[in-house]
Amino acid sequence: YLNPYALSLAFASSDDLLDVNVKDHNSLVSKDSKDYEEKYNPEGLPTIVVGDMNAKPGDGFYQNMTAHFEDTFVIAEKRCETLGTYNGAAGTDVNFTNPARRIDHIYIHSTDKGKFTVKEYNVNTEKYNCGGSKHYPSDHNPVYVDLQIK
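First, a word on what this report is: a plain description of the structure on this page. All of these numbers come straight from a predicted model, not from anything done at the bench.

## Side note on the overall build of the protein
Working step 1: Looking only at helices and strands, the protein has 3 helices and 10 strands in total.
Working step 2: Starting at the N terminus, the α and β elements of the protein follow one another as β-β-α-β-α-β-α-β-β-β-β-β-β.
Working step 3: Relative to its full complement of 150 residues, the protein shows a buried share of 37%.
Working step 4: Partitioning the contacts of the protein with sequence separation of at least 6, the portion at a separation of at least 24 is 68%.
Working step 5: Total accessible area computed for the protein in this model is approximately 8300 Å², and 49% of it derives from carbon and sulfur atoms.

## Here we look at the environment of N64
Working step 1: Among the secondary structure elements, N64 is positioned in helix α2 (residues 60-66).
Working step 2: Take N64: its relative accessible area is 11%, and that puts it in the buried class.
Working step 3: Taking the C-alpha atoms as reference points, N64 and K34, 30 residues apart in sequence, are found 8.9 Å from one another.

## Description of the sheet that holds strand β10 (residues 143-149)
Working step 1: Read from one edge to the other, the open sheet built from 3 strands follows the order β5-β7-β10, with strand pairing classed as mixed. The open sheet is flanked by β5 (78-79) and β10, the only strands paired with a single partner.
Working step 2: As paired elements, strand β7 (residues 116-123) and β10 share 7 bridges and run antiparallel to each other. Bridged to Y121 within β10 is V145.

## Side note on helix α1 (residues 33-40)
Because the α-helix completes a turn every 3.6 residues, residues three or four places apart line up on one side.
Working step 1: By the burial criterion, the buried members of α1 are S33, Y36 and E37. One side of α1 carries all its buried residues, which in axial view fall inside an arc of 95 degrees.
Working step 2: Against the buried residues of α1 lie β3 (47-52), α2 and β6 (106-109).

## Some words on the packing of aromatic side chains
Working step 1: Inspection of every chain in the model, using the stated rule, returns 3 aromatic pairs.
Working step 2: Ring centres of F61 and Y107 lie 6.4 Å apart, and the angle between their planes is 70 degrees; this geometry places the pair in the edge-to-face category. Residue F61 is found in helix α2, and its partner Y107 is found in strand β6; the two are separated by 46 residues along the sequence. The same class applies to F61 as to Y107, namely buried.

Analysis parameters
- Residues numbered from 1 in each chain as written.
- Predicted model: local features only at pLDDT ≥ 70, side-chain atom pairs only at ≥ 80, totals over all residues.
- Heavy atoms only, no water.
- Helix = DSSP H or I, 4+ residues; strand = E, 2+ residues; numbered from the N terminus.
- Buried < 20%, exposed > 50% of the residue type's maximum accessible area, 1.4 Å probe, protein only.
- Contact = heavy atoms within 4.5 Å.
- Areas by Shrake-Rupley, 256 points an atom, 1.4 Å probe, with all protein chains shown as cover.
- Pairing = 2+ DSSP bridges.
- Arc of directions from axis to C-beta.
- Phe/Tyr/Trp six-rings, centres within 6.5 Å; stacked < 30°, edge-to-face > 60°.

What follows is the structure, given as structure tokens:
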């Protein structure tokens, strides 16, 4: 059962990969992430899960996800110094070195149909000119990774 109010899943798949986009995490906290993947990915494709998660490392959602998926921040060969992904759409500078601000993640799950390597993990903390002043484009900074799949 998926609660569409608390969770929005968008699936994009090909013959090689399944991508899942999560909006909010509340309905997944008590669910087994492996069960979701088995239900929506019966072919056993390698999986990437991304989205606006609002979950700090150590939260129930994070623990649930990392029981089955890998956090790309943790396993990246190279990562930026920026930890935080949440800026609150503040016009002022934010301390992005605070681990409590890392609330958005990219999770991966390799299978025998494809193995991921995470070369690099980054967070874009750039502000953009809008109406004569600099602003973040969202209250969450984009997380991006350089992935290789074999």
